[in-house]
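# Analysis of the macromolecular model
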Amino acid sequence: MYQFRPFVRTAWCRKPLLLPGRRFIASQQAQQVNPDRESQSQSLPAGWEDQEPTLSDFSELPHKDFGKNQLIQTNEEFKRSLRGILRQFPPVTYAFAYGSGVFPQSASTASLTTESPHPNPPEAILKWQKGGGKMIDFILTPRYSQHFHSLNLREHRDHYSFLGSLGSGVVSHVQDRYGAGVYFNPYITVNGTMIKYGVVNFETLLRDLTEWDTLYLAGRLHKPCKILHEEPNIRLANQRNLLSAVRCALLLLPPTFTEKQLYSTITGLSYQGDPRMQYGTENPKKIDNIVTHQIRNFRLLYHDLLVSLPNIMYADWSAVNKPDWMDDTKLDLKLSQDMSPERRANMVRRLPKKFREKIYFLYRGKFGISGSEYQEMLEASRDEDAKGGVVKQVGSAFDKRIAAETDLPVMVGKAVNQTVKWPSTVQSLKGPLTAGPQRAWKYLQEKRQKGKMK
């Protein structure tokens, strides 16, 4: 039986803490900020980004409430149902549920004539999905995926395609070596509920969150997810991931923008280059649907991070100070950002390592930088010092040169596309191998139907 470590969910302050050295006011011209430090709020203390993800316990996090913004709430009954499903699998280190089966992406409720994919789901799932039926997606993260597959094959051989007959070694090899490092089993019934679950190795998830080598998993966690089982290093890494998403979006956005534009840009990062979006196998309005119907959860996820940055502010701070402003789904607040090369250079420097190097390489070609000079520049911009510790990431002369270029949003967009396209394409192509031809074809047909939606 799968055992969860209990944790106490403490309330976190919806209003930002205005501390010495950091004052937010409505007028941008009069705004006073400290240019070199993050906000020292309770949830985001100074220097937290420089902490290595080598924690042994939640008590070693920067603060006891650190990262609680990631714990998006659902009702207790639905959460118990999801955890009940999770208990049917071998132990994992980290797990979350995501997608429209967990957080609705449309305002309409399912009609009584809609055929539910769930054979006999718990009442809590029917109520949460408002009587309709959506397959529920899970990501399961064991410490060692081959061991997980070995145990899972004994209990649930029918979850796997013919690859399961070749043993856990082959299954984990296909998982780790091809695509984004995830092995999906779709159309699986657990506790009377239709689910799809992906298995990813702990180190693969941690690497994507901190380096953005594929954005396949990091991108899913950019959006509201229901985290079901936690691990301190992943919580720390995901907080970096979320802040990286904000910085990347800011580099793509103009000086002024709205909340929905910001959250749509963040949501769209992991869809750039995704073949499902390019070839009509996904709802073309998916990004808008996610943001429009989950605006409250996006605020819960990102608001603390936004006010921690010295280069972004709400245009109308008084609106943010109103009680329960996050619950006002019709509200679309305006924001502005500092476009100075120095600020933007610091954001470029603090982007995840693998992703940042793609931007550097694009500008190497544009500026005609020699190979030896480029290697010296990469060495100087390392995130680790000689002793293996994390160095403070401040924009270099090269970062400032990049930040002054007018085509920076274009280059960042190209880097996103390069990051996402190949892993997502290969991940899609290995679907028939991992899920089996019949399940893969059924999944593709459903995606095509979504792609026809207007």
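In what follows, the structure referred to is the one given above.
The notes below deal with the structure included here. These figures come from a predicted structure and were not determined experimentally.

### Considerations on the overall build of the protein chain
The secondary structure content of the protein chain amounts to 19 helices and eight strands. Partitioning the contacts of the protein chain with sequence separation of at least 6, the portion at a separation of at least 24 is 76%. Working note: accessible area of the protein chain is about 20,400 Å², and carbon and sulfur atoms make up 52% of it.

### A word on the pattern of salt bridges
Tallied over the full model, the rule gives 14 salt bridges. A salt bridge links Glu259 to Arg299; the nearest nitrogen and oxygen atoms lie 2.9 Å apart. With Glu259 in helix α8 (residues 259-268) and Arg299 in helix α11 (residues 295-308), the pair connects residues that are 40 residues apart, well separated along the chain. Its relative accessible area of 1% is what places Glu259 among the buried residues. When its relative accessible area of 0% is taken as the criterion, Arg299 is described as buried. For Lys366, the salt bridge goes to Glu405, with nearest N and O atoms at 2.6 Å.

### Here's the deal with the nonpolar core
Phe138 and Tyr302 are the most contacted members of the largest nonpolar core, which totals 113 residues. Sorting elements by how many residues they give to this core places helix α7 (residues 232-252) first, with 11 residues.

### With respect to unusual backbone geometry
Trans is the common state for peptide bonds, and a negative phi is the common state for residues other than glycine. One non-glycine residue with positive phi stands out, namely Asn191, at about 55°. The topology assignment puts Asn191 in the loop between β3 (182-190) and β4 (193-200). Despite not being glycine, Trp212 shows a phi value in the positive range, around 55°. If you trace the backbone, Trp212 turns up in the loop between α5 (202-211) and α6 (216-220).

### Some details on α11
An α-helical segment advances 3.6 residues per turn. Residues three or four places apart therefore align on the same side. End to end, α11 covers 20 Å across 14 residues, agreeing with the expected 20 Å (1.5 Å per residue, within 8%). The largest bend along α11 measures about 45° and falls at Tyr302. Of all 14 residues that make up α11, 13 are buried, and the element is covered over most of its length.

### Some thoughts on the sheet that holds strand β2 (residues 136-141)
Across the sheet, which stays open at both edges, the five strands sit in the order β3-β4-β2-β1-β5 with mixed pairing between neighbours. The open sheet has two edge strands, β3 and β5 (226-229), and neither has a second partner. Direction aside, the axes of adjacent strands within the sheet are offset by 25° on average. Sheet topology places strand β1 (residues 94-98) next to β2; five bridges connect them, and they run antiparallel. Of the residues in β2, the one forming a bridge with Tyr94 is Thr141.

### Topic: the packing of aromatic side chains
Evaluation of the coordinates by the stated rule reveals 17 aromatic pairs. Summarising the aromatic geometry, the rings of Phe361 and Tyr374 are spaced 6.1 Å apart at their centres and angled 70° between planes, so their arrangement reads as edge-to-face. Note that Phe361 is positioned in helix α14 (residues 353-367) and Tyr374 in helix α15 (residues 371-380), a separation of 13 residues in sequence. What makes Tyr374 buried here is its relative accessible area of 5%. Put simply, the rings of Tyr360, Tyr363, Phe367 and Phe398 pair up and form one aromatic cluster. It is Arg143 that lies over the ring of Phe202; its NZ or CZ is 3.9 Å from the centre. Cation over ring: Arg401 sits above Phe367, and NZ or CZ is 3.6 Å from the ring centre.

### A word on the sheet that holds strand β7 (residues 312-314)
The three strands lie next to each other as β6-β8-β7, forming an open sheet whose pairing is antiparallel. Both edges of this open sheet fall to β6 (256-258) and β7, since each of them pairs with a single strand only. Direction aside, neighbouring strands of the sheet carry axes that sit 30° apart on average. Strand direction decides the pairing type here: β7 and strand β8 (residues 334-337), joined by three bridges, are antiparallel. Residue pairing for β8: Tyr314 is matched across the bridge by Leu335. Across the sheet, α8 touches β6 and β8, and the angle it forms with β6 is around 85°.

Here is what the cut-offs are and how they apply
Residues numbered from 1 in each chain as written. Predicted model: local features only at pLDDT ≥ 70, side-chain atom pairs only at ≥ 80, totals over all residues. Heavy atoms only, no water. Helix = DSSP H or I, 4+ residues; strand = E, 2+ residues; numbered from the N terminus. Contact = heavy atoms within 4.5 Å. Areas by Shrake-Rupley, 256 points an atom, 1.4 Å probe, with all protein chains shown as cover. Salt bridge = Lys/Arg side-chain N within 4 Å of Asp/Glu carboxyl O. Buried < 20%, exposed > 50% of the residue type's maximum accessible area, 1.4 Å probe, protein only. Core = buried A, V, L, I, M, F, W, Y, C linked by side-chain atoms within 4.5 Å. Expected span 1.5 Å × (residues − 1). Bend = angle between axes of the 7 residues up to and from the residue. Pairing = 2+ DSSP bridges. Axes fitted to C-alpha atoms, helices over the stretch in contact; angles between N-to-C directions. Phe/Tyr/Trp six-rings, centres within 6.5 Å; stacked < 30°, edge-to-face > 60°. Lys NZ or Arg CZ within 6 Å of the ring centre and 35° of its normal.

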